[in-house]
Amino acid sequence: MRIGVLALQGDFALHARALEKCGVEAVEVRKPSELDEVDGLIMPGGESTTLLKLIDAWDFAPALEKFHGRGRPIFGTCAGLIILAREVESPRQFSLGLIDVTVERNAYGRQRESFEASGVAKLDGGPIALEMVFIRAPRIRRVGPGVQVLAEHGGEPVMAREGRVLVATFHPELTDSTAVHRYFCELVSRSAIAP
Ligand code: GLN
């Protein structure tokens, strides 16, 4: 099993390290054709407007849609989530619409641009304690009926999943715990076996 990390911009190297800690081969993906070589993809945090420009410049959107259509799991953190969302506010911008959520960018205000919090995620093996690092994070303002909320902070969803698309508003690659990456690796391994 090989998992790609979209390496156009943002903190892709730490995601690759977290995958390696889970015993999975991580592959940096820089061209759309490289998606053919991986079983799942992480879209890291960074700056979604810059990421969008690069996605456009490399014509990545159709390849990402095809990858999703082939049942390959995608995990978007922070800016990655913003790219995957159905709707983006503040300001409105293009997104792929692969998970039925509405997100508001930079929505914690100046005082709380970056902060850490503890929480509990409801993953497959039962509840897991999480340290969550938020960096100019978006807030998930709406989740569609098909979306499962996996973790909350202050009563709001911060990690969610719809089918094979997983998203988090925080940065799991910045903590020592590999629980969230392990959860994604399991999702990828199950979907690689399934037809
Ligand atoms: N604030 C960024 C954006 O709106 C996201 C920040 C992040 O990925 N850590 O694109």
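In this text, all values refer to a predicted model and were calculated from it rather than measured experimentally.

Conventions and cut-offs
Residues numbered from 1 in each chain as written. Predicted model: local features only at pLDDT ≥ 70, side-chain atom pairs only at ≥ 80, totals over all residues. Heavy atoms only, no water. Salt bridge = Lys/Arg side-chain N within 4 Å of Asp/Glu carboxyl O. Helix = DSSP H or I, 4+ residues; strand = E, 2+ residues; numbered from the N terminus. Buried < 20%, exposed > 50% of the residue type's maximum accessible area, 1.4 Å probe, protein only. Core = buried A, V, L, I, M, F, W, Y, C linked by side-chain atoms within 4.5 Å. Contact = heavy atoms within 4.5 Å. Near = heavy atom within 4 Å. Polar contact = N/O pair within 3.5 Å; in protein donor to acceptor, adjacent residues only side chain to side chain. Areas by Shrake-Rupley, 256 points an atom, 1.4 Å probe, with all protein chains shown as cover. Nonpolar A, V, L, I, M, F, W, Y, C, P; charged D, E, K, R; others polar. Phe/Tyr/Trp six-rings, centres within 6.5 Å; stacked < 30°, edge-to-face > 60°. Lys NZ or Arg CZ within 6 Å of the ring centre and 35° of its normal.

Visitor: Just to check I follow, could you spell out the pattern of salt bridges for this structure?
Guide: A side chain of one charge can pair with a side chain of the opposite charge when the charged atoms of the two come close. Using the criterion set out here, one finds 13 salt bridges in the structure. The salt bridge partner of Arg86 is Asp100, with a shortest N-O separation of 3.6 Å. Taken as a pair, Arg86 in strand β5 (residues 85–89) and Asp100 in strand β6 (residues 99–104) lie far apart in primary sequence, 14 residues in all. Classification of Asp100 as buried rests on a relative accessible area of 14%. Between Arg141 and Glu156 there is a salt bridge, with its nearest N and O atoms 3.9 Å apart. Here Arg141, found in strand β9 (residues 139–143), pairs with Glu156, found in strand β11 (residues 156–162); they are 15 residues apart in sequence, far enough to count as distant. The partly exposed category is assigned to Arg141, whose relative accessible area is 41%. Several salt bridges share partner residues, and in doing so they unite Glu47, Arg105, Glu113 and Arg136 into one network.

Visitor: Whenever I open this one, the nonpolar core confuses me. Can you help?
Guide: Soluble globular proteins tend to bury their nonpolar side chains together. Core analysis: the largest hydrophobic core is formed by 34 residues, its most contacted members being Leu35, Met43, Ile55 and Leu84. Of all elements in the fold, only β2 (25–29), β3 (40–43), α2 (48–57), α3 (61–69), α4 (79–84), β5, β6 and β12 (165–168) reach the threshold of two or more residues within this core. Those residues in contact with Ile55 that lie beyond four places of it in its chain are Leu8, Met43, Phe60, Ala61, Leu64 and Ile83. Of all hydrophobic cores here, the second largest spans 33 residues; its members include Ala26, Ala117, Leu123 and Cys185.

Visitor: What is the right way to read the site of the ligand from this model?
Guide: The local shell around the ligand consists of Gly45, Gly46, Glu47, Ser48, Cys78, Ala79, Ile82, Arg105, Asn106, Ile135, Arg136 and His171. Contact between the ligand and His171: a nitrogen atom at 2.9 Å from a side-chain N or O atom of the residue. Isolated, the ligand exposes 300 Å² of accessible area, and the fraction of that covered by the protein chains is 96%. When grouped by side-chain class, the residues that make up the shell around the ligand number 4 nonpolar, 5 polar and 3 charged.

Visitor: I would appreciate a short explanation of the packing of aromatic side chains in the present structure.
Guide: The description of two aromatic rings rests on the distance between their centres and on the angle between their planes. Under the criterion given, the structure shown has 5 aromatic pairs. Ring centres 5.5 Å apart and planes at 40 degrees place the aromatic pair Phe75 and Phe184 in the tilted group. One end of the pair, Phe75, is in strand β4 (residues 74–77); the other, Phe184, is in helix α5 (residues 179–193), with 109 residues separating them in the sequence. Of the two residues, Phe75 and Phe184, both sit in the buried class. Aromatic ring contacts, followed pair by pair, group Tyr108, Phe115, Phe134 and Phe170 into a single cluster. The ring of Phe115 is capped by Arg112, whose NZ or CZ atom sits 4.0 Å from the centre of that ring.

All we've got here are geometric facts, nothing functional implied.
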